[in-house]
Amino acid sequence: EAAVTQSPRNKVAVTGGKVTLSCNQTNNHNNMYWYRQDTGHGLRLIHYSYGAGSTEKGDIPDGYKASRPSQENFSLILELATPSQTSVYFCASGDSQNTLYFGAGTRLSVL
Amino acid sequence: QQQVRQSPQSLTVWEGGTTVLTCSYEDSTFNYFPWYQQFPGEGPALLISILSVSDKKEDGRFTTFFNKREKKLSLHIIDSQPGDSATYFCAASGGNRIFFGDGTQLVVKP
């Protein structure tokens, strides 16, 4: 069954540490997205990609990097994690109509 | 400028009642409008969607209406059930971008 899989599901990091969130999709979609979800802010777009080797800045890219080494994989990297990056992160793949298929999320706590 | 506005932020209805969620959007070039449903601890999942060439789409108890002239859309849930309790997001899409509303937290009380 086609799916979007995120790992880890939960992560506790220390301030200043490096965090990598991984996402794998078997939908064969060109487009992939990283969002964060905080109470009162809905879904906010961090980075997205149109295909392997491409990354684009979303609405809130500061403090985050993205990497798309292949069609299937899209990573979100926090080089120097801060407490303000404590959130739930969702990866999604998107079809040609822009229907998004989301993973189950990663809950990140930065202490 | 927020591209998609959604209301209400939260809503409580009784079991068997009708739920109505509304959204408005800015860009008249948007042509695809999905609604997502999110249960606690899960990612959002597509519930129902409509293209700008239509004004209504039904799927069981869920119906979405689209008004191109007013740039508004709505989601109606008839015979609301406690299992419908979730957060609902509307979205608007055109070209390569998709924009989400801030979500409505729905509670259906038995």
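Just so it is clear, the structure is predicted and the values come from calculations on it, not from any experiment.

Student: I would appreciate a short explanation of the overall build of chain B in the present structure.
Tutor: Secondary structure summary: chain B contains zero helices and eleven strands in total. Reading the secondary structure of chain B in the N-to-C direction produces β-β-β-β-β-β-β-β-β-β-β. Dimensions of chain B along its principal axes, counting C-alpha atoms only, are 40 × 25 × 20 Å. Within the span of chain B, comprising 110 residues, buried residues form 44% of the whole. Nonlocal contacts in chain B, meaning residues at least 24 apart in sequence, comprise 51% of its contacts between residues at least 6 apart. Taken as a whole, chain B presents about 5,400 Å² of accessible surface, with 47% of it coming from carbon and sulfur. In chain B, which carries 10 positive and 11 negative side-chain charges, the distance between the mean positions of the two groups comes to 7 Å.

Student: Looking at this model, I keep getting lost on the interface of chain A and chain B. Mind explaining?
Tutor: Size of an interface, as often reported, equals the accessible area lost when the parts are brought together. If you look at the interface, chain A gives 20 residues, while chain B gives 17 residues. Considering only the surface of chain A that becomes buried against chain B, L43(A), Q97(A) and N98(A) emerge as the three largest contributors, covering 31% of it. The interface formed by chain A and chain B holds one salt bridge in total. R97(B) is the salt-bridge partner of D59(A), the closest N and O atoms lying 3.6 Å from each other. Listing elements by their share of the side of chain A that touches chain B, those giving two or more residues are strand 4 (31-38), strand 5 (42-49) and strand 10 (100-102) of chain A. Partitioned by chemical class, the residues of the side of chain A that touches chain B number ten nonpolar, eight polar and two charged.

Student: Explain the pattern of salt bridges to me, please; I cannot follow it from the model alone.
Tutor: Close approach of charged atoms allows side chains of opposite charge to pair. Residue and element names in this part refer to chain A. Applying the stated rule across the entire model yields eight salt bridges over all chains. Note that K65 is salt-bridged to E79, the shortest N-O span being 3.1 Å. Of this pair, K65 sits in strand 7 (residues 65-67) while E79 is found in the loop between strand 8 (75-78) and strand 9 (87-94), placing the two residues 14 residues apart along the sequence. Relative accessible area serves as the criterion here: at 34%, E79 is assigned to the partly exposed category.

What counts and what doesn't
Residues numbered from 1 in each chain as written. Chains lettered and ligands numbered in written order. Predicted model: local features only at pLDDT ≥ 70, side-chain atom pairs only at ≥ 80, totals over all residues. Heavy atoms only, no water. Helix = DSSP H or I, 4+ residues; strand = E, 2+ residues; numbered from the N terminus. Buried < 20%, exposed > 50% of the residue type's maximum accessible area, 1.4 Å probe, protein only. Contact = heavy atoms within 4.5 Å. Areas by Shrake-Rupley, 256 points an atom, 1.4 Å probe, with all protein chains shown as cover. Lys, Arg positive; Asp, Glu negative; His and termini not counted. Charge placed at Lys NZ, Arg CZ, Asp CG, Glu CD. Buried area = accessible area lost by both parts, 1.4 Å probe. Salt bridge = Lys/Arg side-chain N within 4 Å of Asp/Glu carboxyl O. Nonpolar A, V, L, I, M, F, W, Y, C, P; charged D, E, K, R; others polar.

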